[in-house]
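Coordinate inspection notes
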2 protein chains.
Amino acid sequence: MGKTLVYPKTSSNTVNRYKDRATYDLGPIHSIINSSPVLHVSFSPDPNDPFPAILPMLGQMGSFEYPSADINEPLDCYLHGYVSSRIINLSRSSDSEGLPVCIAATKIDGFVLTLTPNSHSYNYRSAVLHGYATLVTDAQEKMYAMKLMTDSVIPNRWDNTRVPPDNAEMSSTSILRVKIVDGSRKNRTGGPSDEKKDTQRSELTENIWTGVVPVYETFGEPIPSPSNKVKEVPEHIRSYVDSTNESNRAYAENVAVNKLPSKSDTN
Amino acid sequence: MGKTLVYPKTSSNTVNRYKDRATYDLGPIHSIINSSPVLHVSFSPDPNDPFPAILPMLGQMGSFEYPSADINEPLDCYLHGYVSSRIINLSRSSDSEGLPVCIAATKIDGFVLTLTPNSHSYNYRSAVLHGYATLVTDAQEKMYAMKLMTDSVIPNRWDNTRVPPDNAEMSSTSILRVKIVDGSRKNRTGGPSDEKKDTQRSELTENIWTGVVPVYETFGEPIPSPSNKVKEVPEHIRSYVDSTNESNRAYAENVAVNKLPSKSDTN
């Protein structure tokens, strides 16, 4: 594993409740972002609007300067958007630092069912990043980020499609690069935890089922389009579907019975 | 279905891109919120902090005044939090209107794989609400909301556990009621949609697989805790696990091939 880099703890990202569930290590935080098919990105749309906005967006951590950087190293978060959307326009017109954004990704891994509603919980993994979004203007960096995001949906998909994008496609898509200033991750793993006041009452323990319902994302059997002419589902899709289904299920079942140390959990 | 109530279109919630995928009808919006195990809630933590905050939270739409109100009627959004958390403290200290929040829930239903990365898409359902959060102080309303949220995880779970909460439990949990001012929902359903410039090139159509990988949330086999003494998984858990697995899978597979009108889609 080598060195462990950590994000600075600030008033924005420091976890105050269940601190043992939190980590500031880059790797575990980045891995949640990269394995989430959708991120929730918040920004302030207008100084006169009291409400923050949230957009569901596709995004990935990456480094154009050091493309071989691994998940534990400092990375930018690339976000994908339509060229005239509000967040793109705000990022384009913001000052040099960029548009302040908050990026969140959450996975629910299980429903933890206990003797009393108050002790009920979720097993989950949640990452939050803060940073400044600016528009990517360099064509090569834009292409790097587009490939990164296409391959985040299905690995190697980019090389199995018609590329490169033509001029019209390049200009209709915008990419934001978010320079991360801090981040945190919070987990809950393990089985039910009831209080003694309930566990010592046999009329409760003999009648109330306690345990965990594992929860995980599943990919179904790929369904060809009416115009598809390729007979077999290609290996780059088949292998990803199968391996992700297996690892998602295994993670949810594992944390239903085993409490993992949050720092070392890079799933 | 009877009457259809709609949220007002404001500058905050009006969808400008792919307008045909949007709806402002209360029912379809509320149903996404209620079937999402986690919501992302954004707020401005501090006037001196440039970054909005996002918290993953448990929440449900409901009406304490009219508990029999159905999903198409005006409802509040109840959110659950620890008593001294930042969002609870801000809501407690905010003026009478409450803390402005944005609430988002998103479901990814499929990866839509086309001839070129530019046409790749997701099938998804996404709801966004804006409103003002205040702390629930009435004990009966608090109990109503706690039952609502427990039963949102597993229907009828509340009545199958040790209730009511005792005084310590009631005072350690806070409930926010968000008065909704506007909302919107956006969907994408259906199969791949490629452009003619690509579909007319046989060297592409004969070599690139196009179709949809359905994506859906699955509940695994319930795993009893080491201290559980109830032999069979109870019916309220078993039936929900089975029926949700079936309906989640069926929805993702259905929208992989059928384009649904967004207004009538109340899943």
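Residues numbered from 1 in each chain as written. Chains lettered and ligands numbered in written order. Predicted model: local features only at pLDDT ≥ 70, side-chain atom pairs only at ≥ 80, totals over all residues. Heavy atoms only, no water.

By the naming in an unreviewed UniProt entry, chain A goes by Flavin-nucleotide-binding protein and is assigned to Polytolypa hystricis.

This part is about the interface of chain A and chain B. Each partner contributes to the interface: chain A provides 93 residues, whereas chain B provides 93 residues. The largest share of the area that chain A buries against chain B comes from A:Phe51, A:Arg162 and A:Trp209, three residues that together contribute 11% of it. Scanning the region where chain A abuts chain B turns up six salt bridges. Residue A:Lys197 pairs with B:Glu169 through a salt bridge whose shortest N-O separation is 3.0 Å. Counting across the interface, chain A meets chain B through 35 residue pairs in polar contact (both at pLDDT 80 or more). A per-class count over the side of chain A that touches chain B returns 50 nonpolar, 27 polar and 16 charged. Where strand E9 (residues 211-219) of chain A and strand E10 (residues 223-224) of chain B come together, two bridges link them in antiparallel fashion. Within E10(B), the residue paired with A:Gly211 across the bridge is B:Pro224. (Contact = heavy atoms within 4.5 Å. Buried area = accessible area lost by both parts, 1.4 Å probe. Salt bridge = Lys/Arg side-chain N within 4 Å of Asp/Glu carboxyl O. Polar contact = N/O pair within 3.5 Å; in protein donor to acceptor, adjacent residues only side chain to side chain. Nonpolar A, V, L, I, M, F, W, Y, C, P; charged D, E, K, R; others polar. Pairing = 2+ DSSP bridges. Helix = DSSP H or I, 4+ residues; strand = E, 2+ residues; numbered from the N terminus.)

Moving on to the relation of the copies chain A and chain B. Both copies of the chain are related by one operation, a rotation about an axis with a shift along it. When chain A is fitted to chain B, the residual RMSD is 0.0 Å, and the transformation amounts to a turn of 180° plus an axial shift of 0.0 Å. The transformation relating the two chain copies, once decomposed into turn and shift, fits a two-fold axis. Rotation axis and chain A: the residue whose C-alpha lies nearest the axis is A:Glu217, separated from it by 2.3 Å. Here 100% of the interface residues in chain A have copies in chain B that are interface residues too; the copies meet face to matching face. (Least-squares fit on C-alpha atoms with pLDDT ≥ 70 in both.)

Oppositely charged side chains are able to pair whenever their charged atoms sit close together. As enumerated under the stated definition, the model contains 24 salt bridges over all chains in all. Residue A:Arg125 is joined to A:Asp109 by a salt bridge in which the shortest nitrogen-to-oxygen separation is 2.7 Å. With A:Arg125 in strand E7 (residues 121-135) and A:Asp109 in strand E6 (residues 99-113), this pair connects stretches of sequence that are 16 residues apart. Judged by relative accessible area, which is 3%, A:Asp109 ranks as buried. Linking B:Asp198 and A:Arg162 is a salt bridge whose minimum nitrogen-to-oxygen distance equals 2.9 Å. (Buried < 20%, exposed > 50% of the residue type's maximum accessible area, 1.4 Å probe, protein only.)

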